[in-house]
Amino acid sequence: MLNKYLDIAPEVSRALQEGRPVVALESTIISHGMPYPQNVETALNVEKIIRENGAVPATIAVIGGRLKAGLSEAEIDYLGKTGTAVAKASRRDLPVLVAQGKDGATTVTTTMIIAHMAGICVFATGGIGGVHRGAQQTFDISADLEELAHTPVMVVCAGAKSILDLGLTLEYLETHGVPVIGYGTEELPAFYTRKSGFGVDYRIDTPAELAKAFYVKQDMGLGGGMLVTNPIPQAYSMDHEVIGKAIDEAVAEAAKLGIHGKETTPFLLAKIKDLTGGDSLASNIQLVYNNAALAAKTASELCKLAKGGRI
């Protein structure tokens, strides 16, 4: 579906028209997830990895009130340099940002929305949002989960960030009919680590099988997304106890300072980076690279199944 508010980059548009694989990428990781210049270097490397694995990257953002599917290097650099001064845009923010001609870095939610609008079925990210610790009192639940329930995009991630309540996150996804797939694992990875103590719904071991499961879901008319959890490579996995201690400390400090809502995740990630001496940032970068490669391979397999490149 073409949309009057949407600009699809020429390279991305050609790939979609020719039925070639395209992988969507979010931009909040650039503006809010990492410091400059690592954020821009990482974003450009992720695009390179997607190309090396046979797909076309489409980094997504809102720039000057236009929804963008595919950014130039200059646009990526602009988001990286501007950093947290760029609005973190979820579903509720899109109409106002567009109406006012403003910029927005897209979360998992808005990246899924714009990817689907452009006809892109596969999206690689770091980790998804979820049910926050203490949500029984705060009702702090990421809009990512609701989007996964409704928008037909496969999201390849390293699991939910372990700053969340992983058990409640899985319960929420189950209630909303979102399959949680473990790529080569039966245990939900927890972003910085390969282990969480929670099981996934299904283990799938190849990109071709991932593509088939997603294709069949859409072909059956079930709609909605699919969550593929891809464990961080062993070499970059952090010690479960070390990261757990850092997360507990960061969560306690956030509560003490009264930080909540969309400010929570950027605060916690920055605090964890400081507490781990930067190790968490290095792990974050590597898991994104790993997810990008898997997403590109899966998008290629999906194109073979869909024949026309779209479902």
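Definitions and cut-offs
- Residues numbered from 1 in each chain as written.
- Predicted model: local features only at pLDDT ≥ 70, side-chain atom pairs only at ≥ 80, totals over all residues.
- Heavy atoms only, no water.
- Salt bridge = Lys/Arg side-chain N within 4 Å of Asp/Glu carboxyl O.
- Helix = DSSP H or I, 4+ residues; strand = E, 2+ residues; numbered from the N terminus.
- Buried < 20%, exposed > 50% of the residue type's maximum accessible area, 1.4 Å probe, protein only.
- Pairing = 2+ DSSP bridges.
- Phe/Tyr/Trp six-rings, centres within 6.5 Å; stacked < 30°, edge-to-face > 60°.

(A) Up close: the pattern of salt bridges. The full count for this structure, using the stated rule, is 14 salt bridges. The salt bridge partner of K271 is E253, with a shortest N-O separation of 3.1 Å. Of this pair, K271 sits in helix α12 (residues 264-275) while E253 sits in helix α11 (residues 240-257), and the two are 18 residues apart along the sequence. A relative accessible area of 28% places E253 in the partly exposed class. Several salt bridges share partner residues, and in doing so they unite D7, R66, K68 and E75 into one network.

(B) The arrangement of the pairing of strand β8 (residues 154-157) in detail. Burial along β8 is two-sided: the face carrying M154 and V156 and the face carrying V155 and C157 are both buried. Pairing geometry for strand β7 (residues 122-124) and β8, over three bridges, is parallel. Following the sheet pairing, F123 is matched in β8 by V155. Relative to strand β11 (residues 226-229), β8 runs parallel, the two sharing four bridges. Among the inter-strand pairings, M154 is bridged to a residue of β11, identified as M226.

(C) Expanded view of the packing of aromatic side chains. In the structure shown here, the tally under the stated rule is one aromatic pair. Ring geometry for F191 versus Y192: centroids 4.8 Å apart, planes at 75 degrees, classification edge-to-face. Assessed through its relative accessible area of 2%, F191 is described here as buried.

(D) View of the side chain of T193. Among the secondary structure elements, T193 is positioned in the loop between β9 (180-183) and β10 (202-204). The exposure class of T193 is buried, given its relative accessible area of 3%.

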